[in-house]
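Coordinate inspection notes
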Amino acid sequence: MKFSEMKLHAMNAVKAYFKRDWERKDLTNQGEIPLYAYKCLKKVYLTLFCALLSSTVGSFLHLIWEAGGFFTVLISAASILCLYSTPPLLVRRRVFFLMAAAFCFGASVGLLTEYLFGIDQGFVFSFLTATTIGFGTFWWGAMNTRQRRLYNRCLLISDILIFIWLQIASAFFGGHTARWKLLVWVVLGWYMGYNLVYSKEVVYDARFGDIDPVNRTFTHLFRLPAIIVHFTRLSVRAAIQRYKQN
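Described below are features of the structure shown in this document. (Residues numbered from 1 in each chain as written. Predicted model: local features only at pLDDT ≥ 70, side-chain atom pairs only at ≥ 80, totals over all residues. Heavy atoms only, no water.)

Observations concerning empty space enclosed by the protein
Using the following cut-off: A pocket here means an open set of points on a 1 Å grid, computed over the protein atoms alone, that has protein on both sides within 12 Å along at least five of seven lines. A cavity is instead a set of points where a 1.4 Å probe fits but cannot get out; residues with an atom within 4 Å of a point line either one. Grid points are joined across faces, edges and corners, and a volume is the space filled by probe spheres set on the points. By the criteria applied, helices consist of DSSP H or I runs no shorter than four residues and strands consist of E runs no shorter than two, each listed in order from the N terminus. Side-chain classes follow a simple rule in which Ala, Val, Leu, Ile, Met, Phe, Trp, Tyr, Cys and Pro form the nonpolar group, Asp, Glu, Lys and Arg form the charged group, and the remainder, Gly included, forms the polar group.
Counted by the stated rule, this structure contains one cavity of 30 Å³ or more. A volume near 50 Å³ is recorded for the largest cavity. Lining the largest cavity are Ile33, Leu41, Arg148, Tyr151, Leu196, Ser199, Lys200 and Val203. Looking at the lining of the largest cavity element by element, the count peaks at four residues for helix H9 (residues 181–205). Class assignment of the residues belonging to the lining of the largest cavity gives a composition of five nonpolar, one polar and two charged.

What follows is the structure, encoded as structure tokens:
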């Protein structure tokens, strides 16, 4: 393959990554979620919550027993490879590999942060717990209603619960957790806002077929740049239209 062809394929891949079909009306719609999309969204929230919970448990075991090490890094990498090589129809097996990868990641990430940045394990555990609380709040909201407007309340509730947890964690662990709790709260607040927009994309994509919750969980963070760019583009376009109308 020539260099020009490789460059063209790379450019097309980047364009496809940043291309999103949902519009601003999909974001502002506060009506009831269709049943088929509602079922997909519940599965995605549940899988996200369980994956973060597994990482949190792994991080806790590393905190109290120093359970993480080179072995857990290898298991995490092997689980991800097995996840990608498992057919989509084998849902339970793929969920098992996802949870194993998440657990071993939680047990191993503290080693990386401590070695590279000197961050204590208590901070890592506090951060993962706060993220788990946020996803758990959205899952709880999805279990109780199909109304889209509730997820805006879930965003507010998750921010409050995360702030309370960081206050408690800073008293227990001190160190980096106490020093950076406000910064972490702001970052996680924005991240939960991204999760709210990501939910709109899941609901929109569910119109065109079933959503694979395992893939959506695994690529949840990977999709962040594209969704933020598309959301910003829609917001700027809407602001320009309002300015012209006025």
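A few points about the nonpolar core
So the rule is basically this: Working definition of a nonpolar core: buried Ala, Val, Leu, Ile, Met, Phe, Trp, Tyr and Cys residues. They are joined through side-chain atoms within 4.5 Å. Note on exposure labels: buried denotes an accessible area under 20% of the residue type's maximum, exposed denotes more than 50%, and partly exposed covers the range between, all computed with a 1.4 Å probe on protein chains only.
Trp22, Ile33, Leu41, Phe135, Phe138, Tyr151 and Met192 are the most contacted members of the largest nonpolar core, which totals 45 residues. Among the secondary structure elements, those contributing two or more residues to this core are helix H3 (35–65), helix H6 (121–144), helix H7 (150–173), H9 and helix H11 (224–245). A per-element tally of this core places H9 first, with eleven residues. Membership of the second largest hydrophobic core comes to seven residues, among which are Leu83, Phe97, Met99 and Val214.

Examining the layout of surface pockets
Size it by volume and the largest pocket reaches roughly 920 Å³. Along the wall of the largest pocket there are 29 residues; nearest its centre are Leu52, Phe105, Leu128, Tyr191 and Leu221. Considered class by class, the residues forming the lining of the largest pocket number 23 nonpolar, six polar and no charged. For the second largest pocket, the calculated volume is near 240 Å³. Along its surface, the second largest pocket is lined by Leu27, Val187, Trp190, Tyr191, Gly193, Tyr194, Val197, Leu224, Ile228 and Phe231. Tallied by class, the residues present in the lining of the second largest pocket amount to nine nonpolar, one polar and no charged.

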